[in-house]
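Letter by letter, the chains look like this.
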Amino acid sequence: MRLQGIIGSALMAVGGMCPLMRIPIIGSWNYFDIDQRLAIAFYVLVVIGLIGAFANKAGLIKLAGWGGIILVLITLAGIYFKAHDSFSFLHFKKLINFGAGMVKLKWGWYVIAAGVFILITVRKPKVVLATEVVEVK
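Since the model is a prediction, treat every value here as computed from it, not as a measurement.

## Some remarks on unusual backbone geometry
Inference 1: Even without glycine at this site, isoleucine 25 takes up a positive phi of about 75°.
Inference 2: Position of isoleucine 25 among the secondary structure elements: in the loop between strand S1 (21–23) and strand S2 (27–29).
Inference 3: Residue classification places isoleucine 25 among the exposed residues on the basis of a relative accessible area of 88%.
Inference 4: Here the phi dihedral of asparagine 56 falls at roughly 55°; this positive angle occurs in a residue that is not glycine.
Inference 5: Mapped onto the elements, asparagine 56 comes out in the loop between helix H3 (36–54) and helix H4 (58–86).

## Re the packing of aromatic side chains
Inference 1: One pass over the full model with this rule turns up 5 aromatic pairs.
Inference 2: With 6.0 Å between their ring centres and 65° between their planes, tyrosine 31 and tryptophan 109 make a pair best called edge-to-face. One end of the pair, tyrosine 31, is in helix H2 (residues 31–34); the other, tryptophan 109, is in helix H6 (residues 108–120), with 78 residues separating them in the sequence.
Inference 3: On the basis of relative accessible area, tyrosine 31 is assigned to the buried category, the value being 0%.
Inference 4: When its relative accessible area of 11% is taken as the criterion, tryptophan 109 is described as buried.
Inference 5: Considering the side-chain rings of tyrosine 80 and phenylalanine 81, the 5.3 Å spacing of their centres and the 75° angle between planes classify their relative orientation as edge-to-face.
Inference 6: Overall, phenylalanine 81 belongs to the exposed group, its relative accessible area being 56%.

## Let's talk about the confidence of the model for the protein
Inference 1: On average, the protein scores 86 in pLDDT, and the residues at 70 or more come to 95%.
Inference 2: Of all the helices and strands in the protein, helix H5 (residues 93–101) carries the lowest mean pLDDT, 74, while H3 carries the highest, 94.

## Section: H5
Inference 1: Taken as a whole, H5 has its buried residues at Ile96, Gly99 and Ala100. One side of H5 holds all its buried residues, which, seen down the axis, span an arc of 95°. Residues of H5 that are exposed and angled more than 90 degrees away from the buried face: Lys94 and Phe98.

## Remarks on the nonpolar core
Inference 1: With 28 residues, the main nonpolar core has Tyr31, Phe42, Trp109 and Ile112 as its most contacted residues.
Inference 2: Elements that contribute at least two residues to this core include exactly S1, H2, H3, H4 and H6.
Inference 3: Residues within four places of phenylalanine 42 in sequence aside, it is in contact with Met12, Gly16, Tyr31, Leu71 and Ile112.

## Focus: a nonpolar patch on the surface
Inference 1: Where nonpolar side chains cluster on the molecular surface, the patch consists of Met17, Phe32, Ile40 and Val44 and spans about 360 Å² of accessible area.
Inference 2: Among the structural elements, isoleucine 40 can be located in helix H3.

## Side note on the pattern of salt bridges
Inference 1: Summed over the entire model, instances satisfying the criterion amount to 1 salt bridge.
Inference 2: The partner of arginine 37 in a salt bridge is aspartate 35, with the nearest N and O atoms 3.5 Å apart.
Inference 3: Residue arginine 37 is classed as exposed on the basis of its relative accessible area, which comes to 66%.

Rules and cut-offs
Residues numbered from 1 in each chain as written. Predicted model: local features only at pLDDT ≥ 70, side-chain atom pairs only at ≥ 80, totals over all residues. Heavy atoms only, no water. Helix = DSSP H or I, 4+ residues; strand = E, 2+ residues; numbered from the N terminus. Buried < 20%, exposed > 50% of the residue type's maximum accessible area, 1.4 Å probe, protein only. Phe/Tyr/Trp six-rings, centres within 6.5 Å; stacked < 30°, edge-to-face > 60°. pLDDT = per-residue confidence, 0-100. Arc of directions from axis to C-beta. Core = buried A, V, L, I, M, F, W, Y, C linked by side-chain atoms within 4.5 Å. Contact = heavy atoms within 4.5 Å. Patch = residues over 30% accessible without salt bridge, like charges linked within 9 Å, V, L, I, M, F, W, Y side chains within 5 Å. Areas by Shrake-Rupley, 256 points an atom, 1.4 Å probe, with all protein chains shown as cover. Salt bridge = Lys/Arg side-chain N within 4 Å of Asp/Glu carboxyl O.

Set out below in structure tokens:
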């Protein structure tokens, strides 16, 4: 459980620094370039996952995983609406969709998804009670 939590949190942290979206002329953006408040919340979840891993708390690790999923969905929705809103000065729907279509999502989302998947699949270790049979002579 501990190793799984550390690996999942590390993958999430690395994924946040990977390129997440590409904007023509501007270049690739990571989580901090997209929005600093979302990036800080994301890395707070990474730290919560690490704390849960070192404290052997499966519930805390899963909380970080599910929170990461929710935050990623909020971020993806924000990217979609911001891209369509940025080209709203155009009066033709085809041009708006063309302009918004130039914003491309990159491979960093897969790294984050892998880390989140590892975090939400953490299980509590089973407690095995060892009973010892003692023979009386």
